[in-house]
Amino acid sequence: MTPAGPRPPWWVPGLMERDVLLSLAATPGPLPAAVATRLGEGQEPGRLLRAHSPDPGAVAARLDALGVRFLVPGDAGWPLAATPPDPPCAWLFVTGPVPPGPVGSVAVVGGRRASPLRRAAARTLGSGLARAGWCVVSGGAVGVDAAAHAGALDAGGRTVVVLGCGLDVPYPRANTGLFAQVRAAGGTLVSEHPPGSRPRAASFLPRNRLIAALSAAVVVIEAAEDSGSLSTARAAGSRGAGRVLVLPGAPWDPGAAGCNQLIRDGATLVRSLTDILEELGAAIVGAGDAHADPRSDLETPPNPSGSLAALQALDAPARAVLAALLDGQVLAPGRLAAASGLRPGDLDAAVLDLELAGLIRRTAAGIQAIALPPAPTPPAPRPSPRAVVLTRTPPA
Amino acid sequence: MASEALRQPLEEGEVTVSRAMASVRFPARFALISAANPCPCGHLGDSRFACRCSRTDLHRYASRLSGPLLDRIDLYVQAERLTAEELAGAVEAEPTAPVRARVLAARALQRGRQGTENGRLASTDLADRCQVAPAARRTLMTAVDRLGLSARGFHRALRVARTVADLAGADRVEDHHIKEALGLRHLPIIGDREAQLV
C-alpha cells in the first residue's frame with residue numbers, strides 16, 4: 001500500500017501497527033476520540049500520521065522514563081474489551097496496575113461545586129464500595145471526584161483516576177497529593193492524552209465516556225443541569241438498564257436537577273450503599289458471571305457511616321434544623337428559624353449542638369449541613385445475670 | 001491597618017502614647033460597634049441575589065481584618081435581607097424601653113454580685129463569679145475542642161454567657177446560656193463561602 005499524504009521522516013513500510021498508534025497518540029492535534037473514530041471507520045493508522053508525528057522510539061523512551069505504559073485494544077488486560085466506548089478508544093496511557101475494568105469497578109461521579117453534604121455522601125459511598133471489594137473509578141477534579149477517591153482510600157481500597165490531560169500534568173494542583181496517595185495505595189491513573197498534554201475544556205467531555213466504560217455502573221452523587229456528570233451517566237445508560245444509579249434530591253436543589261432528570265429518564269434511584277450493592281449484585285448476576293465474581297462471598301453489606309435513619313436519634317430541635325438543611329441549602333439564621341419553626345433560644349442551642357457534633361457549619365453565607373449523623377449502633381448485648389452479680393460492688 | 005490600633009484599648013481600656021520625653025496613658029474605655037459587608041459585592045448569603053465575587057476576591061477581602069481583632073469582638077449578628085413587610089414596619093418589634101429596663105436590671109444584678117459589670121470583671125475573677133452548671137461547663141469544653149476556641153474566646157464566651165444568664169435573671173449559667181453565647185461568637189463572617197474541598 002502506498003502511503004497517501006506526507007509521512008514523518010521516520011516512516012518505514014512494514015512498521016508495527018502498535019508503533020504507528022504510539023506515534024499517533026503522541027501527535028499533537030486532534031482529540032484522541034476524533035482519531036479513534038476515524039480508526040473505527042476503518043482508516044489505516046498510517047494514513048492518519050502527519051509529517052510532524054514523533055518517532056515511536058522516542059515516545060516509548062519518554063513513557064518509560066515517566067513510568068507510563070501504553071495500552072491498545074488487544075493488549076493483555078485491555079480494560080475496555082467488554083464495553084467499547086462510543087466514540088471508540090484507540091489507546092490508553094496508564095500509570096500503575098491495569099484498571100480492573102467493568103467486572104470489578106464502579107464509577108462515582110458528581111460536580112466540583114457539589115454541596116458539602118453530597119461530597120460527604122461521595123466519601124461515605126466511596127469507602128463503602130471499597131470495603132465491599134469494588135474499585136472506585138472517577139475523574140480527578142475537586143469536589144465529588146476527590147471525595148470518592150478519598151473515601152475509598154480511607155477504607156484501604158484502590159481507585160482509578162481518569163484524567164483529561166497528560167498523566168504527568170499536575171492538574172488540578174489541589175489534587176496532586178491525592179493522586180500520589182491513589183498510586184501509593186496501588187491505584188491507577190489513566191488518560192487518553194499523551195504526557196505533557198495540557199488540560200483543555202474540550203478534553204473533559206470525551207473523558208467521561210471512559211469513566212463509564214471502565215465501570216460496571218455509574219453512581220451519580222450530584223449532577224447540575226447540563227453537567228459533565230450527566231454525560232458520564234448517559235454514556236453508562238447507553239449500555240442498558242441498571243447501569244446508572246442516582247442519588248435523588250429535592251426539586252429545588254440545584255445539585256439534584258440532573259439527578260432527578262436521570263431518574264425520570266429511567267435511571268435507578270438509590271438511597272444508600274445497601275441499595276447500590278443490591279443493584280450491583282443484580283447487574284453481575286444478570287451478566288451470568290456470578291461465580292467468577294470476587295464479591296459473591298460478600299456476607300452482609302457494611303453500614304453506611306451516615307444515614308437518614310440516624311436522624312431519628314437526634315432530639316427534635318436538632319432534627320428540625322438538620323432536616324431544613326438537607327436539600328443542600330445554605331440558610332442564614334433568620335431563614336433557618338423560619339424553616340425549622342424553632343424559637344430563637346431553641347434554634348441557637350440546636351445549631352450549636354449540631355456544630356459541635358460536626359454535622360453543620362456556619363459560613364458567611366449562612367448555615368449549611370456537612371455530614372449526616374452516624375448510623376445508630378446496635379444496642380450492646382445485655383450482660384448475663386451472672387456477669388451482673390460478679391461486677392456488682394459489695395454493699396458497704 | 002488602623003483597625004489593628006484598636007486591639008490594645010479594646011483589651012485594656014486605655015491607650016498608651018509613647019514619645020521621646022514621656023509615655024502618657026489616656027482612658028479609652030468604649031463599646032466598639034462595627035459593620036461589614038460579607039463580601040465585596042455585598043450579596044454573599046443573600047436570598048435574592050447571587051454573589052459574584054471570586055474566591056480570590058473573598059480571600060483578599062477577609063484578609064483585611066485580622067483574626068486577633070475579630071477574636072476581640074464579643075457579639076456577632078448576621079444581618080439578613082428584610083422582607084417588604086419588615087421594611088414597611090408592619091412586623092411588630094419589641095420597643096426599646098422594656099429592653100432598656102432589662103439591661104439596667106442585669107447591670108444592677110452584676111454590680112450587686114461582684115461590684116462591677118461583667119465586662120469590667122478581670123478574667124481571673126470570672127471563673128469564681130460565674131457559677132457555671134456542670135452541663136454548661138462540659139459544653140464549653142467541647143466547644144474549645146471542636147470549634148478551636150482560643151483562650152480569649154473561652155473567657156469571652158463565658159463572660160457573654162454570664163450576661164445572658166443575668167438578662168434572664170438566672171443565678172447560675174445554664175447549658176442553654178452557654179449555647180446562646182457561643183452562637184454569638186466570632187463568625188467566619190467574611191470571605192468564607194465553601195467548606196474545605198473533600
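Residues numbered from 1 in each chain as written. Chains lettered and ligands numbered in written order. Predicted model: local features only at pLDDT ≥ 70, side-chain atom pairs only at ≥ 80, totals over all residues. Heavy atoms only, no water.

(A) Focus on the overall build of chain A. Counting its regular elements, chain A contains 15 helices and 11 strands. For chain A, with 396 residues in total, the buried portion stands at 49%. At a minimum sequence separation of 6, the contacts of chain A that also span at least 24 residues come to 72%. Carbon and sulfur atoms form 57% of the exposed surface of chain A, whose accessible area is close to 17900 Å². (Helix = DSSP H or I, 4+ residues; strand = E, 2+ residues; numbered from the N terminus. Buried < 20%, exposed > 50% of the residue type's maximum accessible area, 1.4 Å probe, protein only. Contact = heavy atoms within 4.5 Å. Areas by Shrake-Rupley, 256 points an atom, 1.4 Å probe, with all protein chains shown as cover.)

(B) Seen up close, the side chain of A:E192. Residue and element names in this part refer to chain A. Assignment of secondary structure puts E192 in the loop between strand 6 (188–191) and helix 8 (201–213). In this structure the side chain of E192 is engaged in a polar contact, spanning 2.9 Å, whose partner is the side chain of R209. In contact with E192, other than residues within four places in its own chain, are P32, A33, C89, W91, L92, F93, R209 and L210. (Polar contact = N/O pair within 3.5 Å; in protein donor to acceptor, adjacent residues only side chain to side chain.)

(C) Geometry of the pattern of salt bridges. What the rule picks out here adds up to 27 salt bridges over all chains. The salt bridge partner of A:E355 is A:R362, with a shortest N-O separation of 3.7 Å. Judged by relative accessible area, A:E355 falls into the buried class, the value being 11%. Note on A:R362: relative accessible area 10%, which makes it buried. Close ionic contact of B:E11 with B:R152 constitutes a salt bridge, the shortest N to O distance being 3.6 Å. Placement of the pair is B:E11 in helix 1 (residues 7–12) and B:R152 in helix 8 (residues 151–167), with a sequence separation of 141 residues. We classify B:E11 as partly exposed; its relative accessible area is 39%. (Salt bridge = Lys/Arg side-chain N within 4 Å of Asp/Glu carboxyl O.)

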